[in-house]
Amino acid sequence: MQNEGKEEEMKFETALEKLEEIVEELEKGELPLEETIKKFEEGIMLCRICKEKLERAEAKIEELTDWL
Amino acid sequence: MLKNKIYSVWEISEQIKKAIEKEEFCNLWIEGEISNFREAIGNYFFDLKDEKAIIKCVMFSPSLPFTPKNGMKVIIKGDIRVYEKRGYYQVYVQDIKVGGIGELFMKFIELKEKLQKEGIFDEKFKRPLPKTPSKIGVVTSPNGSAIKDIQKVISRRFPVTIVLAPVRVQGEGSAEEIERAIKALNSRKDIELIIVGRGGGSWEDLWAFNDERVARAIFESRIPVISAVGHETDFTIADFVADRRAPTPSAAGEIAVPDREEMIKMIENYAMRMIKIARGKIDFYREISERIMKRRAFSYPFEIIYDKIECYKKGCENLNKAIDKFLEDKKTKIRFIEENLRAMNPYKVLERGYSICFRLRDNKLFSSVDDAEVGENIKIVVKDGEAICRMKEKKKK
């Protein structure tokens, strides 16, 4: 969680929140072209990260031990 | 009520109904013994009685873990309402707790009131649940139905890691185990949500979840807690303290994680929206730049230069022509003047046989007999020389 800057380490929820922010910002339509493209690229990258994380998720069950 | 009015049966029944069906007769717990029990089209009808009184009860679409029987000691929960068609009041039962649980039940009520006063159930303490927890701690029995249900729902909706804290969920020591499990999960850094619960059972079976230690452990939990105890109709202290009550363990699974397919669709939708916006923006600017590019300066940039060169060349040419013409004019004029001059040269006539005479004394033109005297010398100029002659006589015409 400390390395949120790194793409690989970004939590799904953080990525999703960022993505939602970007989509909202883009939809306002006030950004100049260059900024739009920059945000767009970032957004698409976040989409990819989110989707990958979703698709990679797998059910696991661990048992909490040595706590009694 | 009006003393000087004659009421119809319906009118007076309506008044009684109004008088009875008030908030104070709602959600009451009543203890008694079931008698005259019968079941009709899935609904229960019975009387609840004690030594001194009897009250009619009806339970529509009951969902109980047992079927009530005559002679059963129960605590029922319900509202009292008037059934005017039959002229009696009855309890519309929502829930029935079975058995000699009067004492436990009172403990439950007491603890609930105590904790309520402390504010432990207050809405302000409810923490929001993470939207997509990556690790979920589950406090329940490793052999019960709850863990199976939770696991099934979670792996179907959004597979994540479940950390099971195996505990006993009923019997001696179960409350302490649940308490310790909640604390142990809290000491880990990776757990984002806790589900505490168990499958259905009798009132006594669920008792651990009415324990004060469990309630406080849930309250103190740093990690948000979903309670999932028994069936839809079962309410425990844990449910009141938890950040969210799930009616069943399966429902807890549904609450805990979003649906993966829906999330993927949502993200794809975000991507589509962004592509649409970016494309729109690019098209907009492309159109502008195309409009600019269509202007002559950009589409035929050299033509303008060629035009200028052409213009310059033409200018030079015109200038040269003008100069030439000017010179030509001047030449013609000079030639004309020369010719004129030549034509006017008086000596020119000498060639044709004429001569010119001058007075010798002063070289003045001799063109009249008056110009010279008799005896005076006259110079005659002819084409190839001159002759000096003396005038002999003069005759005037």
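Our subject is the structure that appears above.
Conventions used here
Per chain, residue numbering runs from 1 following the sequence as it is written. Chain A is the first chain written and ligand 1 is the first ligand written, with later ones labelled in order. Totals for whole chains, interfaces and linings use all residues, but because this is a predicted model, local features are given only for residues with pLDDT of at least 70 and pairs of side-chain atoms are given and counted only at 80 or more. Side-chain metrics in this entry use all non-hydrogen atoms of the structure; hydrogen atoms and water are not considered. Cavity and pocket criteria rest on a 1 Å grid covering protein atoms alone: a 1.4 Å probe that fits but cannot get out defines a cavity, protein on both sides within 12 Å along at least 5 of 7 lines defines an open pocket, and an atom within 4 Å of a point defines a lining residue. Grid points are joined across faces, edges and corners, and a volume is the space filled by probe spheres set on the points. Ten residues, namely Ala, Val, Leu, Ile, Met, Phe, Trp, Tyr, Cys and Pro, are considered nonpolar, four, namely Asp, Glu, Lys and Arg, are considered charged, and the remaining ones, Gly among them, are considered polar. Where each domain begins and ends is defined by an automated method or by a domain database. DSSP-based pairing: two strands are paired if at least 2 bridges between them are found. The numbering of helices and of strands both runs from the N terminus, where a helix is a DSSP run of H or I of at least 4 residues and a strand a run of E of at least 2. Lines fitted to C-alpha atoms define the axes, with helix axes restricted to the stretch in contact, and inter-axis angles between N-to-C directions lie between 0 and 180 degrees. The contact criterion used is simple: two residues touch if any of their non-hydrogen atoms lie within 4.5 Å. To sort residues, take the accessible area from a 1.4 Å probe on protein chains only and compare it with the maximum for the residue type: under 20% means buried, over 50% means exposed, and anything in between is partly exposed. Working rule for handedness: look at the near helix, and if it is turned counterclockwise from the far one by less than a right angle, call the crossing left-handed; if clockwise, right-handed.

Chemist: Looking at this structure, I do not really get empty space enclosed by the protein. What am I missing?
Modeler: It is a probe the size of a water molecule, rolled over the atoms, that shows where empty space is left. All names here are of chain B. With the rule as written, the count across this model stands at one cavity of 30 Å³ or more. Its volume calculated, the largest cavity comes out at about 90 Å³. Forming the boundary of the largest cavity are Leu64, Pro65, Phe66, Asp95, Ile96, Lys97, Val98, Gly201, Ser202, Trp203, Thr233 and Asp234. Across the lining of the largest cavity, the residue classes break down as six nonpolar, three polar and three charged. Formed jointly, the lining of the largest cavity draws a minimum of three residues from each of two domains, domain 1 (9–100) and domain 2 (107–122 + 133–258).

Chemist: Would you mind showing me how to read the sheet that holds strand 12 (residues 377–382) of chain B here?
Modeler: Through backbone hydrogen bonds, the strands of a sheet pair up, either in parallel or in antiparallel fashion. All names here are of chain B. One open sheet accounts for three strands, arranged 11-12-13; its pairing is antiparallel. Bordering the open sheet on either side are strand 11 (356–359) and strand 13 (385–390), each of which pairs with just one other strand. Between one strand axis and the next, the sheet turns through 25° on average, direction left out of account. Here strand 11 pairs with strand 12 via four bridges, running antiparallel. Bridge pairing in strand 12 places Arg359 opposite Ile378.

Chemist: Help me understand the sheet that holds strand 10 (residues 244–245) of chain B, please; the structure alone is not making it clear to me.
Modeler: The six strands are arranged 1(A)-7(B)-6(B)-8(B)-9(B)-10(B) in an open sheet whose pairing can be described as parallel. Because the sheet does not close on itself, it has two edges, and the strands there are strand 1 (60–63) of chain A together with strand 10 of chain B. Pairing between strand 9 (residues 225–229) of chain B and strand 10 of chain B: two bridges, direction parallel. Residue pairing in the sheet places Ile226 of chain B in a bridge with Arg244 of chain B of strand 10 of chain B. Against the sheet, helix 4 (residues 174–186) of chain B touches strand 6 (135–140), strand 7 (161–166) and strand 8 (193–198) of chain B, its axis set at about 165° to strand 6 of chain B. Along the sheet, helix 7 (residues 249–256) of chain B contacts strand 6, strand 8, strand 9 and strand 10 of chain B; its crossing angle with strand 9 of chain B, the most-contacted strand, is approximately 155°.

Chemist: Any chance you could explain the environment of Ile378 of chain B here in plain terms?
Modeler: Residue and element names in this part refer to chain B. Relative to the assigned elements, Ile378 resides in strand 12. Relative accessible area serves as the criterion here: at 6%, Ile378 is assigned to the buried category. The spacing of Ile378 and Cys357 is 21 residues in sequence and 6.6 Å in space, taken between C-alpha atoms. The residues touching Ile378, leaving out its near neighbours within four places in the chain, are Cys357, Phe358, Leu360, Phe366, Ala372, Ala387, Ile388 and Cys389.

Chemist: Help me understand the packing of helix 1 (residues 12–28) of chain A against helix 8 (residues 260–293) of chain B, please; the structure alone is not making it clear to me.
Modeler: Packed helices, taken two at a time, are described by the angle their axes make and the gap between the axes. Closest axis-to-axis distance for the helix 1 of chain A/helix 8 of chain B pair is 10 Å, and the angle between their directions is 35°. The handedness of the crossing between helix 1 of chain A and helix 8 of chain B comes out as left-handed. Along the contact surface, helix 1 of chain A presents Phe12, Leu16, Leu19, Glu20, Ile22, Val23, Leu26 and Glu27 of chain A, while helix 8 of chain B presents Met263, Met266, Ile267, Tyr270, Arg273, Met274 and Ile277 of chain B. Of the residues that constitute the contact of helix 1 of chain A with helix 8 of chain B, the class distribution is 12 nonpolar, no polar and three charged.

Chemist: What's the story with the layout of surface pockets in this structure? I'm lost.
Modeler: All names here are of chain B. Here the second largest pocket is characterised by a volume of approximately 260 Å³. If you go around the second largest pocket, you meet 15 residues; those closest to its centre are Trp29, Lys77, Phe108, Lys112 and Phe235. Every element with two or more residues in the lining of the second largest pocket is listed here: strand 5 (88–98) and helix 2 (102–118). Among the residues making up the lining of the second largest pocket, the classes are represented as six nonpolar, three polar and six charged. Taken domain by domain, the lining of the second largest pocket gets at least three of its residues from each of domain 1 (9–100) and domain 2 (107–122 + 133–258).

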